[in-house]
Structure formats: structure tokens, C-alpha cells
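Structural overview
The lines below spell out each chain.
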Amino acid sequence: MDMEIPANKARMDFALEGTPYPVIAIQGEERLNQGFFFQLDIQIALHQYGDAFVGRRAELRFTGLDGDRRSLIALIESAEEVGF
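The numbers attached to residues start from 1 for each chain and follow its sequence in the written order. In keeping with the predicted nature of the model, local features appear solely for residues at pLDDT of at least 70, side-chain atom pairs appear and are counted solely at 80 or more, and the whole-chain, interface and lining totals rest on all residues. Side-chain measures were taken over the full set of non-hydrogen atoms in the model, leaving aside hydrogen atoms and water.

Before going further, it helps to examine the overall build of the chain. Scanning the chain from N- to C-terminus turns up zero helices and six strands. If you list the helices and strands of the chain from N to C, you get β-β-β-β-β-β. Residue contacts follow a heavy-atom distance rule, with two residues in contact if any of their heavy atoms lie within 4.5 Å. Considering only intrachain contacts with a sequence separation of at least 6, the fraction spanning at least 24 residues in the chain is 44%. Every accessible area reported is derived by Shrake-Rupley at a probe size of 1.4 Å, with residue values counting cover from the shown protein chains alone. When the accessible surface of the chain is summed, it comes to about 6600 Å², and 50% of that surface belongs to carbon and sulfur atoms. Strands here are runs of E lasting at least two residues and helices are runs of H or I lasting at least four, both read from the DSSP assignment and numbered beginning at the N terminus.

Read from one edge of the open sheet, four strands run β2-β1-β5-β6, paired in antiparallel fashion. On the outer flanks of this sheet lie β2 (19-21) and β6 (69-75), each paired with one strand and no other. Averaged over all pairs of adjacent strands, the angle between their axes in this sheet comes to 25°, without regard to strand direction. Should DSSP find at least two bridges between two strands, the strands are taken to pair. As paired strands, strand β1 (residues 11-16) and strand β5 (residues 57-63) are joined by six bridges and run antiparallel to one another. If you follow Ala-15 over to β5, its bridge partner there is Glu-59. The convention used is that axes are lines fitted to C-alpha atoms, helices contributing only their stretch in contact, and that angles between N-to-C directions extend from 0 to 180 degrees.

Following the sequence through the fold, Ala-52 ends up in the loop between β4 (36-42) and β5. Taking relative accessible area as the criterion, Ala-52 reaches 47% and is therefore assigned partly exposed. A sequence separation of 27 residues divides Ala-52 from Ala-79, and the C-alpha atoms of the two residues are 8.5 Å apart. For every residue, the accessible area obtained with a 1.4 Å probe (protein chains only) is divided by the maximum for its type, and the residue is called buried under 20%, exposed over 50%, and partly exposed between those limits.

Next up on the list: the nonpolar core. In this structure, Phe-14, Leu-16, Tyr-21, Phe-53, Ala-58, Leu-60 and Ile-76 together form the largest nonpolar core, which totals seven residues. The set of elements that each furnish at least two residues to this core consists of β1 and β5. The contacts of Ala-58, once residues within four sequence positions are left out, are Phe-14, Ala-15, Leu-16, Leu-72, Ile-73, Ala-74 and Ile-76. Take the buried residues of types Ala, Val, Leu, Ile, Met, Phe, Trp, Tyr and Cys, join any two whose side-chain atoms come within 4.5 Å, and each joined set is a nonpolar core.

This part is about the pairing of β5. With respect to burial, β5 is a largely interior element, five of its seven residues being buried. Pairing of β5 with β6, which is carried by seven bridges, proceeds in the antiparallel orientation. The partner of Leu-60 across the bridge, within β6, is Leu-72. Counting the residues in the hairpin turn of β5 and β6 gives five residues, including Gly-67, whose phi is positive at 90°.

Read these as geometric descriptors, not functional statements.
Take a look at the structure:
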């Protein structure tokens, strides 16, 4: 996941136990000195099932326009499959 980031380009990366997945959408909440909650829509392969992600370690990384990076590491609490 350590790819070169073009200048002036913000980005978000998601990995489940080191395996990267494309992020389609994100919404969530984070506050100082409190827990956080993020809901991600990610793209997975046809042979994968969301239930297999529950309880596994995930990393969400944000890279700002200035190139500054920040990571959140958590366990997947729930997963829901939504078809396209």
C-alpha cells in the first residue's frame, strides 16, 4: 500500500489484514478521546463473502493534499453484502 502519491492529490486506502481493497464510499464519526465508527463500501471479488471479514484486522489510511498520512486500525465489527 505504500505507493507514491502525486502532489495535490488526497487519497484513502483500505486494507484487510494487509490485502488492499478499493474504497467506493465512506461515512463515519470520530471524536477526540472517544471511539470511532466508519462505514465503508468496498469492492470485493465475486468469490469473497462479507461475513468472512468480521473480526479481522483492518487499516484505513488517509493521505491529505499536503502528503501528511494518518492511519486508523480496528477490527471489523459487521459486514453486509450489497450487490450492484
